[in-house]
Amino acid sequence: MTRRIDSRRDERSNPADQRAVRRHNLSLVLRHIAERGPRSRSTVATETGLNKATVSSLVAELIERGLLSAAGTEYPGAVGRPAQSVRLRSDGALGLGLEVNVDYLSVCAKDLAGRVRHRRAIAFDNRASTPERSFVRLLRLARDALRDVAAQGLVPVGTIVAVPGLVDYASGRLLYAPNLGWTEVPVAELVEDRLGLAGVPVRVENEANLGALAELWEGAGRAYRDFIHVSGEVGVGAGIVLGGRLFRGARGLGGEFGHITIYPEGPICGCGGRGHLEAMAGQDALMRAAGVETSVAGERDASADLAKRAREGDRSVQVALRDAGRLLGIGLSSLANLFDPQAIILGGRFATLAPMMLEEIRAEMGERVIAARWSDCRMLVSELGGEAAVRGAASMAMERVLDDPTTVHVAGRAS
Ligand SMILES: [Zn+2]
């Protein structure tokens with residue numbers, strides 16, 4: 001919960017402090033209305049503890065910035081006077097999430113209330129592509145999305161690009177994506193230059209981190225403060241949420257769960273290492289073990305295909321899934337021993353495959369987690385599945401506006 005800073009206490013402080021207090025309170029009021037729904041200025045004042053005149057002034061600025069609009073009348077009951085409500089503008093700010101993964105591209109656009117206003121994903125074999133070609137196709141999806149949301153009266157105010165690899169946050173570069181063989185791709189620059197959205201910041205983020213944030217903001221992770229979201233695609237990544245915040249490591253390069261060593265003599269990983277988890281339990285490894293052609297991955301959802309075969313009684317697929325479940329359980333045991341999470345959420349394509357792997361995962365964890373007897377760590381299956389990262393990307397763009405509403409001025413229709 002955000003702390004209230006009462007502007008009255010800060011009357012004598014310097015102008016920079018006053019601006020910081022104002023920014024903080026604008027965020028407080030905007031978040032309050034985003035979380036609780038339409039309400040009058042005096043209700044906001046009572047609920048936040050800010051004084052009524054301050055709230056009126058803050059609301060006026062949020063309306064001016066195109067973030068709030070009038071929303072009819074609130075009747076407080078027999079004693080109070082009816083008052084004009086305000087709500088989030090449904091034709092205001094928009095967050096654009098884009099994702100490049102190993103075998104698909106996707107886009108998701110969300111408004112300030114967190115509603116999805118546009119979404120699309122296409123199969124695309126980025127391994128057989130260059131960054132240049134992949135981004136040309138991704139930006140075509142983005143332009144279609146922008147046309148669609150413009151027709152709904154929405155204005156993009158931030159873009160986050162999800163990528164399957166290590167990211168340099170300051171420069172917006174993808175440093176290394178082992179499964180794509182891409183290094184040093186200037187993602188933010190590529191998107192900024194070609195999308196033609198002047199003044200709309202573009203940031204780049206690791207897809208597993210965004211997946212975990214999506215779980216925290218709108219998925220199964222909402223009920224927990226300490227959890228691990230494992231996203232299984234061709235690569236395997238983890239987003240670690242501790243105390244309600246994403247754990248990134250010193251340089252933001254943490255969470256590379258797929259590259260922990262499970263078996264020192266194991267197969268070579270996409271990163272060049274040996275016996276890493278994703279080389280043994282990622283989507284490609286699974287398909288090889290099941291005797292299924294990996295090339296179908298570029299054409300359709302390979303995991304749905306595997307799940308279907310397993311359900312239909314294909315023995316080799318069932319065995320491959322159980323083996324992968326065992327390996328995943330071994331990896332997850334180490335995470336559970338280190339972090340003592342309240343929950344582990346299986347996401348990405350593991351969400352589709354989880355029913356066939358859960359028994360083995362649980363058995364391994366029961367044996368290998370030292371605190372297993374005393375732990376009530378829940379094993380959950382993500383409802384967001386493969387959409388988590390791109391939804392998290394769109395939400396992250398909106399979080400920035402909720403944190404600091406002074407970063408935007410949405411020039412849309414008057415309302
Ligand atoms: Zn590796």
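Refer to the preceding data block for the structure.
Remember, predicted model here, so these are calculated numbers, not experimental data. (Residues numbered from 1 in each chain as written. Predicted model: local features only at pLDDT ≥ 70, side-chain atom pairs only at ≥ 80, totals over all residues. Heavy atoms only, no water.)

Further remarks concern the overall build of the protein chain. A count of helices and strands for the protein chain gives 13 helices and 16 strands. Computed over its C-alpha atoms, the radius of gyration of the protein chain comes to 23 Å, within 12% of the 22 Å expected for a compact globule of 415 residues. Counting only C-alpha atoms, the protein chain reaches 70 × 50 × 45 Å along its principal axes. Counting every position in the protein chain, which comprises 415 residues, the buried fraction comes to 53%. (Helix = DSSP H or I, 4+ residues; strand = E, 2+ residues; numbered from the N terminus. Rg over C-alpha atoms; globule rule 2.2 N^0.38 Å. Buried < 20%, exposed > 50% of the residue type's maximum accessible area, 1.4 Å probe, protein only.)

Time to look at the packing of aromatic side chains. Taken as a whole, this structure holds 2 aromatic pairs when the rule is applied. Plain terms: the ring middles of F247 and F339 are 6.4 Å apart, the flat faces sit at 50° to each other, and that makes the pair tilted. In this pair, F247 is assigned in strand β14 (residues 245-247) and F339 in helix α10 (residues 315-339), connecting sequence segments 92 residues apart. Using a relative accessible area of 38% as the deciding quantity, one classes F247 as partly exposed. Residue F339 is classed as partly exposed on the basis of its relative accessible area of 25%. (Phe/Tyr/Trp six-rings, centres within 6.5 Å; stacked < 30°, edge-to-face > 60°.)

Below, the discussion takes up the coordination of the zinc ion. Binding of the zinc ion to the protein goes through H259 (ND1), C269 (SG), C271 (SG) and H276 (ND1), at separations of 2.0 to 2.4 Å. Every donor counted, the 4 donor atoms about the zinc ion form angles of 97 to 117° at the centre, which fits tetrahedral coordination. Of note, the zinc ion draws all its donor residues from one chain, in the sequence arrangement H-x9-C-x1-C-x4-H. Across the pair, H276 and C269 agree in class, each one buried. (Donors = N, O, S within 2.8 Å, 3.2 Å for Na, K, Ca; no water. Tetrahedral: all angles 85-135°; square planar, octahedral: opposite > 155°, others 65-115°.)

Right, let's get into the pattern of salt bridges. Summed over the entire model, instances satisfying the criterion amount to 27 salt bridges. A salt bridge links D111 to R117; the shortest N-O distance between them is 2.6 Å. With relative accessibility at 1%, the residue D111 sits in the buried group. In this structure, R349 and E233 form a salt bridge, with 3.3 Å as the shortest nitrogen-oxygen distance. A residue pair is termed long-range when its members are at least 10 positions apart, and R349 in the loop between β15 (343-348) and α11 (350-353) and E233 in the loop between β12 (227-232) and β13 (236-242) qualify at 116 residues. (Salt bridge = Lys/Arg side-chain N within 4 Å of Asp/Glu carboxyl O.)

To continue, consider the sheet that holds strand β1 (residues 39-40). Strand order in the open sheet formed by 3 strands is β1-β3-β2, with antiparallel pairing between adjacent strands. Pairing within the sheet leaves two strands with one partner each, and these edge strands are β1 and β2 (68-74). In this structure, β1 lies alongside strand β3 (residues 83-88), joined through 2 bridges in antiparallel fashion. Each residue of the ladder has a partner; that of R39, found in β3, is V86. (Pairing = 2+ DSSP bridges.)

In space, the 3 strands of this open sheet follow the order β8-β9-β10, with antiparallel pairing throughout. Strands at the two margins of the open sheet, each flanked by one partner only, are β8 (166-168) and β10 (182-185). Each strand of the sheet is rotated relative to its neighbour by a mean of 15°, with strand direction disregarded. Taken together, the 3 bridges between strand β9 (residues 173-177) and β10 define a ladder with antiparallel strand orientation. Within the sheet, the bridge partner assigned to A177 lies in β10 and is W182. (Axes fitted to C-alpha atoms, helices over the stretch in contact; angles between N-to-C directions.)

With that settled, consider the environment of G385. With respect to the element layout, G385 can be found in the loop between β16 (378-381) and α13 (388-403). Residues G385 and G348, 37 residues apart in the sequence, show an inter-C-alpha distance of 4.5 Å. Beyond its immediate stretch of four places on either side in the chain, G385 contacts G348 and A351. (Contact = heavy atoms within 4.5 Å.)

Moving on, we come to unusual backbone geometry. Its identity as a non-glycine residue notwithstanding, E184 has a phi of 50°, on the positive side. Relative to the assigned elements, E184 resides in strand β10. The exposure class of E184 is partly exposed, given its relative accessible area of 44%. Phi at D340 is positive, roughly 45°, even though this residue is not glycine. Among the secondary structure elements, D340 is positioned in the loop between α10 and β15.

Among the 8 residues that make up strand β4 (residues 93-100), 8 are buried, leaving the element largely enclosed by the rest of the structure. What you see with β4 is no split at all: A93, G95, G97 and E99 on one side and L94, L96, L98 and V100 on the other are buried throughout. Of the pairings in the sheet, the one linking β4 to strand β7 (residues 155-163) comprises 7 bridges and is parallel in character. Residue pairing in the sheet places L96 in a bridge with T159 of β7. One ladder, built from 7 bridges, connects β4 with strand β5 (residues 104-111); its direction is antiparallel. Within the sheet, the bridge partner assigned to L96 lies in β5 and is A109.

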